[in-house]
Amino acid sequence: MTTYNIQNLVNSHILDLRPYEPGKPIDDVARELGLAPHTIIKLASNENPIGPSPKAIEAIKQHSTQMHIYPDGGGYHLRHALSKKINLPTDHIVLGNGSNEIIELAYHAFTDGNCNVITSRYAFVVYKLMAQLFNVPFIEVADNNLHYDLEAIQKAINAQTRLVFIANPNNPTGTRIPNKELIEFIESLPSHVILCLDEAYYEFLQDPPPTLDLVRQGYPIILMRTFSKIQGLAGLRIGYGLCHPTIADALQRSRQPFNTNSLAQAAALAALEDENHIEKTIDMNNAGRALLEETFTRWQLPFVPTSANFVLVKTGNAQKTFESLLRQGIIIRSMVPYGLPDWIRVTIGTPEQNVRFLESLKSLLNIRT
Ligand SMILES: Cc1ncc(COP(=O)(O)O)c(C=O)c1O
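Note that the structure is predicted; figures quoted are calculated from it, not measured. Along every chain, residues carry numbers that run from 1 in the direction the sequence is written. Since the coordinates come from a predicted model, pLDDT governs what is reported: local features require at least 70, and pairs of side-chain atoms require 80 or more to be given and counted, while whole-chain, interface and lining totals use all residues. Side-chain measures here rest on the full set of heavy atoms in the structure, leaving out hydrogens and waters.

1. A look at the site of the ligand
Then comes step 1: Proximity criterion: a residue is near a molecule or strand once any of its heavy atoms comes within 4 Å of it. Taken together, Gly98, Ser99, Asn100, Phe124, Asn171, Asp198, Ala200, Tyr201, Thr226, Ser228, Lys229 and Arg237 make up the full set of residues near the ligand.
Then comes step 2: Here a nitrogen atom of the ligand and a side-chain polar atom of Asp198 are 2.6 Å apart.
Then comes step 3: Its atoms largely coinciding with the cavity grid, the ligand occupies the second largest pocket.
Then comes step 4: Partitioned by chemical class, the residues of the shell around the ligand number three nonpolar, six polar and three charged. Counted as a polar contact is a pair of N or O atoms within 3.5 Å, where, for protein atoms, one must be capable of donating a hydrogen and the other of accepting one, and residues adjacent in sequence contribute only when both atoms are in side chains. Computed over the protein atoms alone on a 1 Å grid, cavities are sets of points where a 1.4 Å probe fits but cannot get out and pockets are open sets with protein on both sides within 12 Å along at least five of seven lines; a residue lines them when it has an atom within 4 Å of a point. More than half of a molecule's atoms lying within 2 Å of a cavity's or pocket's grid points is what places that molecule inside it. Under this grouping Gly is polar, as are all residues other than the nonpolar Ala, Val, Leu, Ile, Met, Phe, Trp, Tyr, Cys and Pro and the charged Asp, Glu, Lys and Arg.

Okay, structure coming up:
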């Protein structure tokens, strides 16, 4: 039989790619450590601690008998509901398999090997992964003490720059950009650059920036939003992009015909109208954020004040903190892959989860207060 060397056939930039490291799944931890799954808490992926909207669960039950039928690739009902809710015509709205897919579609539609893409250090890591996947030159501008340095980004933009990625609030830092600064930055961008503004945690902001107005005015920006966080539908993979119709058309051409599935569309449609679930999520997050930030302050543990549903906190030796908490059935995220070896990121959980996390961390760090 012929000897096959498949490795030689793989594109070299794919071999060089370091795959995304997701939060450790509960089942894996249960198997590896012999723990009962229900005793494990996952505060690692910024998921919604109260679960999905009950209306979404009901919608899925109702639509499940139709899952032998291909979905409506255009997502007519969901796009119309979004259009009504945010007062933006449907030709400005593109659905994605999670907002992550909108990132990918932007690379498909707007980049090639001759252009470059810019973001900040400590920005959401998927922007960089996609650049590697598409073999597109990628520039990471220095941060300003874990915040975006918009002036430095402006200076880094050159004639080849096609996309700029900014997450507001940002993951993993939890930082936000003041509204005025953000709007001035968008207005100042040269016309050959498209800004991909990742608003995955937008709903957690008490005074969100008026970015939709800028889309309406025709600025070349793509707002990326998701049902994964506030609506608690991360497992279904559904998000959306909001942009000028010409940009939307390019993104639509770049997607698979059935990129979002019918159950995800039905659940998202129901969750969109579930104001009660959204309010509960925000209230629980506000209370949890206050508890975590007050506690870290009292313990004199450096942390970054958050505008999202997670907190970046400096515990020292993140890998050790991660492993020790894991043994107690608490999954958090070490920030070693982000180049912050002394920091962990913890998702704000239910009151019980927050207390359990804090008690374990307190004893681990030998804190006496
Ligand atoms: C900044 C940011 N953007 C996008 C996403 C991905 O969201 P989705 O589940 O919609 O793909 C995340 C998820 O953690 C995120 O933190």
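2. What about the sheet that holds strand S12 (residues 333-334)?
Then comes step 1: Strand pairing requires that DSSP identify at least two bridges connecting the strands. Under the DSSP-based scheme used, a helix requires at least four consecutive residues in state H or I and a strand at least two consecutive residues in state E, with every element numbered from the N terminus. The strand order across the open sheet formed by four strands is S9-S10-S13-S12, and the pairing between neighbours is antiparallel. Whereas interior strands pair on both sides, the edge strands pair on one side only; in this sheet they are strand S9 (303-304) and S12.
Then comes step 2: The pairing of S12 with strand S13 (residues 343-347) spans two bridges and is classified as antiparallel. Paired with Arg333 across the two strands is Arg345, which belongs to S13.

3. Description of the pattern of salt bridges
Then comes step 1: Throughout this description, the term salt bridge denotes a Lys or Arg side-chain nitrogen within 4 Å of a carboxyl oxygen of Asp or Glu. For the structure on display, the rule yields eleven salt bridges.
Then comes step 2: Between Lys24 and Glu32 there is a salt bridge, with its nearest N and O atoms 3.1 Å apart.
Then comes step 3: Glu199 is the salt-bridge partner of Arg225, the closest N and O atoms lying 2.9 Å from each other. Placement of Arg225 in strand S7 (residues 221-226) and of Glu199 in the loop between strand S6 (194-198) and helix H9 (211-217) is noted, with a sequence separation of 26 residues between them.
Then comes step 4: Burial here depends on accessible area, computed with a 1.4 Å probe over protein chains only, as a share of the maximum for the residue type. Under 20% is buried, over 50% is exposed, and the range in between is partly exposed. With relative accessibility at 4%, the residue Arg225 sits in the buried group.
Then comes step 5: Residue classification places Glu199 among the buried residues on the basis of a relative accessible area of 0%.

4. Considering the packing of aromatic side chains
Then comes step 1: Here a Phe, Tyr or Trp ring, Trp counted by its six-membered ring, pairs with any other such ring whose centre lies within 6.5 Å, and the pair is stacked when the planes are under 30 degrees apart, edge-to-face when over 60, and tilted otherwise. Within the structure shown, the criterion is met by nine aromatic pairs.
Then comes step 2: Ring geometry for Tyr70 and Phe258: centres 4.8 Å apart, planes at 20°, overall stacked. Note that Tyr70 is positioned in the loop between helix H3 (54-63) and helix H4 (76-86) and Phe258 in the loop between helix H10 (245-254) and helix H11 (262-272), a separation of 188 residues in sequence.
Then comes step 3: The exposure class of Tyr70 is exposed, given its relative accessible area of 65%.
Then comes step 4: Judged by relative accessible area, Phe258 falls into the partly exposed class, the value being 40%.
Then comes step 5: The interplanar angle of 20° and the centroid separation of 4.6 Å between the aromatic rings of Tyr127 and Phe165 together place this pair among those described as stacked. In this pair, Tyr127 is assigned in helix H6 (residues 126-134) and Phe165 in strand S5 (residues 161-167), connecting sequence segments 38 residues apart.
Then comes step 6: Since its relative accessible area comes to 0%, Tyr127 is described here as buried.

5. Overview of a nonpolar patch on the surface
Then comes step 1: Together, Met1, Tyr4, Ile6, Leu9, Val10, Ile14, Leu15 and Leu133 make up an exposed nonpolar region whose accessible area comes to about 860 Å².
Then comes step 2: Structurally, Val10 can be placed in the segment before helix H1 (12-15).
Then comes step 3: The exposure class assigned to Val10 is partly exposed, which follows from its relative accessible area of 31%. Note that patches include only residues with greater than 30% relative accessible area and no salt bridge, and the join distances are 9 Å for like charges and 5 Å for nonpolar side chains (Val, Leu, Ile, Met, Phe, Trp, Tyr). Surface accessibility in these figures is a Shrake-Rupley result with a 1.4 Å probe; residues are shielded only by whichever protein chains are displayed.

6. A few points about the environment of Pro169
Then comes step 1: Counting through the fold element by element, Pro169 comes out in the loop between S5 and helix H8 (179-188).
Then comes step 2: Placed 146 residues apart in sequence, Pro169 and Gly23 show a C-alpha to C-alpha distance of 19 Å.
Then comes step 3: By the convention used here, residues are in contact when the closest approach between their heavy atoms is within 4.5 Å. Beyond its immediate stretch of four places on either side in the chain, Pro169 contacts Gly174, Thr175, Arg176, Asp198, Tyr201, Tyr202, Leu205, Ser307 and Ala308.

7. Observations regarding the layout of surface pockets
Then comes step 1: Grid points are joined across faces, edges and corners, and a volume is the space filled by probe spheres set on the points. Its boundaries defined by the atoms lining it, the largest pocket holds a volume of some 580 Å³.
Then comes step 2: What lines the largest pocket is a set of 32 residues, and nearest its centre among them are Arg18, Glu21, Val125, Pro337 and Tyr338.
Then comes step 3: Top element by residues in the lining of the largest pocket is H6. It accounts for three residues.
Then comes step 4: The class makeup of the residues in the lining of the largest pocket is 15 nonpolar, eight polar and nine charged.
Then comes step 5: Considering the residues around the second largest pocket, the lining is formed by 28 residues, among which Tyr20, Ser45, Asn100, Phe124 and Lys229 are closest to the centre.
Then comes step 6: Ranked by residue count, the leading element in the lining of the second largest pocket is helix H5 (residues 99-110), at three residues.
Then comes step 7: Taken together, the residues of the lining of the second largest pocket break down into ten nonpolar, eleven polar and seven charged.

8. A few points about empty space enclosed by the protein
Then comes step 1: The tally for this structure, following the rule as stated, stands at two cavities of 30 Å³ or more.
Then comes step 2: Of the voids in this model, the largest cavity is the one considered here, and its volume is about 50 Å³.
Then comes step 3: Considered class by class, the residues forming the lining of the largest cavity number four nonpolar, five polar and one charged.
Then comes step 4: Taken as a whole, the second largest cavity spans an internal volume of roughly 30 Å³.
Then comes step 5: Ser120, Arg121, Tyr122, Ala123, Asp143, Leu146, His147, Tyr148, Asn170, Thr173 and Thr175 together form the lining of the second largest cavity.
Then comes step 6: Partitioning the lining of the second largest cavity into residue classes produces four nonpolar, five polar and two charged.

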